[in-house]
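Architecture at a glance
Here's the letter readout for the chains.
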Amino acid sequence: MLTMKDIIRDGHPTLRLVAEEVSLPPSEEDKEVLKSLLEFVKNSQNPDIANKYGLRAGIGLAAPQINISKRMIAVYFKDEKGVLHNYALFNPKIKSHSVERTYLTSGEGCLSVDEPILGYVPRYARITVEGVSLEGEKVKLRLKGMLAIVFQHEIDHLNGIMFYDHINKDNPFEITDNAMPIEK
């Protein structure tokens, strides 16, 4: 089981690498890594398990965050309607995105970043993501709102990009044109 000790922190060189594609079909080892990413995110949201193992709550995790520079992400998130979104993907790619932007009014956080970094992180309001599931099936997702933000955050990790790279350095709370706020 992954714990917070397995998550590398801001400043570690792996977080700035462009991760390698996972060879398909995935090896058993790659499947186990992806399963462990999803298990960590689920466990981090369970108060009993999180307290027992000292886990910080998260809704997404990418393989580079556990020092494995491969293109794998896991997302486990219950939206505002109570719908559970449970994804573990190999080689996820953003295939298209909206012109409109969005951002979280509370800003973003990251399991690899221990201190809060204030500012708005502009993201696309809608994206289409393609990837391959744990079962080896091609997946195409049309995402919007918070779920689109989470996927962009995790896919950024696969490209060596941290969320705070998107924050305007001169005016961290600048609102991008066409950007709709999401309250969180």
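Residues numbered from 1 in each chain as written. Predicted model: local features only at pLDDT ≥ 70, side-chain atom pairs only at ≥ 80, totals over all residues. Heavy atoms only, no water.

Test applied: UniProt positions are given in the numbering used here, feature names are shortened, and annotations may be inferred rather than shown by experiment.
Per an unreviewed UniProt entry, the protein chain goes by the name Peptide deformylase and belongs to Cytobacillus depressus. Its UniProt record gives the protein chain a comment under Catalytic activity (unreviewed entry), which states: "N-terminal N-formyl-L-methionyl-[peptide] + H2O = N-terminal L-methionyl-[peptide] + formate". Under the UniProt heading Function (unreviewed entry), the entry covering the protein chain gives this text: "Removes the formyl group from the N-terminal Met of newly synthesized proteins. Requires at least a dipeptide for an efficient rate of reaction. N-terminal L-methionine is a prerequisite for activity but the enzyme has broad specificity at other positions."

1. A look at the environment of asparagine 46
Put simply, the rule is: Runs of H or I in DSSP of at least four residues are treated as helices and runs of E of at least two as strands, each being numbered from the N terminus. Type-normalised accessible area, obtained with a 1.4 Å probe on protein chains alone, sets the label of each residue: buried when under 20%, exposed when over 50%, and partly exposed for intermediate values.
Mapped onto the elements of the fold, asparagine 46 is located in the loop between α1 (28-44) and α2 (47-53). Residue asparagine 46 is classed as partly exposed on the basis of its relative accessible area of 30%. Remark: the alpha-carbon pair of asparagine 46 and alanine 57, spanning eleven residues in sequence, is separated by 8.4 Å.

2. Some words on helix α3 (residues 145-158)
Applied cut-off: To estimate the expected span of a helix, count its residues, drop one, and scale the result by 1.5 Å.
The terminal C-alpha atoms of α3, which comprises 14 residues, lie 21 Å apart, in line with the 20 Å expected from a rise of 1.5 Å per residue. Most of α3 is tucked away, with 13 of its 14 residues classed as buried. Two residues or fewer past α3, glycine 160 is found with a positive phi of approximately 75°.

3. What to know about the pairing of strand β3 (residues 84-97)
Applicable threshold: Pairing between two strands requires that DSSP report at least two bridges joining them.
Relative to β3, strand β2 (residues 72-78) runs antiparallel, the two being bridged by seven bridges. Within β3, the residue paired with valine 75 across the bridge is tyrosine 87. In this antiparallel pair of consecutive strands, β2 and β3, the connection spans five residues, and glycine 82 shows a positive phi of 85°. Here β3 runs beside strand β6 (residues 126-133); their pairing, made up of six bridges, is antiparallel. Among the inter-strand pairings, lysine 93 is bridged to a residue of β6, identified as glutamate 130.

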